Amino acid sequence: MLMSVKHTALSIVFLVVWSTGLIAEPKVVKVFPNGLPADAVKLPEDRIAKLKAANTDERIAYVAEPTLTLYPAPKDVATGCGVVICPGGGYNILAWNKEGIELAQWFNKIGVSAAVLKYRVPRRTPDIHHEPLQDVQRAIRLFRSMADEMRVDVNRVGVLGFSAGGHLTVMSGTKYDELAYPKSDAIDEISARPNFICPIYCAYLGNNYSDNKSELGDLVKITKETPPAFLAVTFDDVHRGVQSALLVAEYKKAGVPAEAHIYAKGGHGYGIRPTGNPVETWHHRLAEWLESSGWLTK
């Protein structure tokens, strides 16, 4: 009950600030202002033209230059917590509004600053997460470098992602000590380890990025240094529900805190939009977890 009252109050403050026009349009910054890593793959021009033509506000089909869209929490409600958001889309597109912007705006309501990562799509290499991993590692460092502007504590920066973005989120929490690209400036000296991760209806946790088997793949290695995790998924989401449960079991073996909400039904790809199923409240459970874990303590 106390959590509900607190979040309602924060939402009212946010809406008042928004309605008075004190919140500017979100700032967009380049993830690699000095140029992409040398191994960046360039697609054929004819394919680029077709992909650009397919871009919409909801579905971004082509990204060559990764960016962060910044949503600092309003001063009156900022808690010092920050999250880099990775929209899903099979590493082929980005579900930009549903799994990016809408989450950032919701995070602001509970005092969390957010940055939506526009990572490179579509898939360029057989290791389909490689270039997006470069993007998210740099994004975490860049986010921390803007701590004052974003009103965040560098020790309370997490990553949240949906579907393929959930896979990227797991990779950010397990591969942070493996530099995915050559250093280019002082920002690359900053830690890329998230303080917590939130894989939501996470995809591709099986071998060869499979969702079709109840097993975890070789890429998923949980150790005592892996950041704490919050997961939400549905049991009827192919084998993703089982894979998330197995991921939590690995967390238990490593002695690292994790919380998972596996709802009976709801499928895949709902973001925080109403569905008529209990899974539509998963983000409220996330707010409770963030609070109880101390990430929202000013």
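Everything discussed here concerns the structure shown above.
From a predicted model like this one, the values you see are computed outputs, not experimental measurements. (Residues numbered from 1 in each chain as written. Predicted model: local features only at pLDDT ≥ 70, side-chain atom pairs only at ≥ 80, totals over all residues. Heavy atoms only, no water.)

S.K.: I'd like a description of the nonpolar core, backed by residues and values.
M.R.: Counting 83 residues, the largest nonpolar core has Leu68, Phe107, Leu160, Trp282 and Leu286 as the members making the most contacts within it. Looking at this core, the element that brings in the most residues is helix α4 (residues 130-145), giving 6 residues. Among all residues touching Leu160, those that are not within four sequence positions of it are Val83, Val84, Ile85, Cys86, Phe107, Thr169, Cys198, Ile200, Trp282 and Leu286. Ranked by size, the runner-up nonpolar core spans 6 residues in total, among them Leu43, Leu51, Ala61 and Ile93. (Core = buried A, V, L, I, M, F, W, Y, C linked by side-chain atoms within 4.5 Å. Buried < 20%, exposed > 50% of the residue type's maximum accessible area, 1.4 Å probe, protein only. Helix = DSSP H or I, 4+ residues; strand = E, 2+ residues; numbered from the N terminus. Contact = heavy atoms within 4.5 Å.)

S.K.: Report on the packing of aromatic side chains, specifying residues and quantitative values.
M.R.: All chains considered together, the criterion is met by 11 aromatic pairs. Ring-pair connections join several aromatic residues into one group, and the members of that group are Tyr91, Tyr119, Tyr204 and Tyr209. Positioned above the aromatic ring of Trp96 is the side chain of Lys118, whose terminal nitrogen or guanidinium carbon lies 4.9 Å from the ring centre. (Phe/Tyr/Trp six-rings, centres within 6.5 Å; stacked < 30°, edge-to-face > 60°. Lys NZ or Arg CZ within 6 Å of the ring centre and 35° of its normal.)

S.K.: I'd like a description of the pairing of strand β9 (residues 229-234), backed by residues and values.
M.R.: In regular strands, side chains alternate between the two faces of the sheet. Within β9, 6 of the 6 residues are buried, leaving the element largely enclosed by the surrounding structure. The alternating pattern of β9 places Ala229, Leu231 and Val233 on one face and Phe230, Ala232 and Thr234 on the opposite face, and all of these are buried. As defined by bridge partners, strand β8 (residues 196-200) adjoins β9 across 2 bridges and the pair is classed as parallel. Each bridged residue has a counterpart across the sheet, and for Ile200 the counterpart in β9 is Ala232. The sheet contact formed by β9 and strand β10 (residues 258-263) spans 6 bridges and is parallel. Residue pairing across strands places Leu231 opposite Ala260, the latter belonging to β10. At this point the chain moves from β9, through helix α7 (residues 240-254), to the parallel β10, and the crossover so formed is right-handed. (Pairing = 2+ DSSP bridges. Right-handed = clockwise from strand over helix to strand, strands pointing away.)

S.K.: With reference to specific residues and values, describe the sheet that holds strand β7 (residues 157-162).
M.R.: Across the sheet, which stays open at both edges, the 8 strands sit in the order β1-β3-β6-β4-β7-β8-β9-β10 with mixed pairing between neighbours. Here the strands that pair on one side only, and so sit at the sheet edges, are β1 (27-30) and β10. Averaged over all pairs of adjacent strands, the angle between their axes in this sheet comes to 20°, without regard to strand direction. As paired strands, β7 and β8 are joined by 5 bridges and run parallel to one another. Opposite Gly161, over in β8, you have Pro199 as the bridge partner. In the packing of helix α8 (residues 282-292) onto the sheet, the strands contacted are β7, β8, β9 and β10, and the crossing angle to β9 comes to about 165°. (Axes fitted to C-alpha atoms, helices over the stretch in contact; angles between N-to-C directions.)

By themselves, these observations are geometric and do not establish any function.
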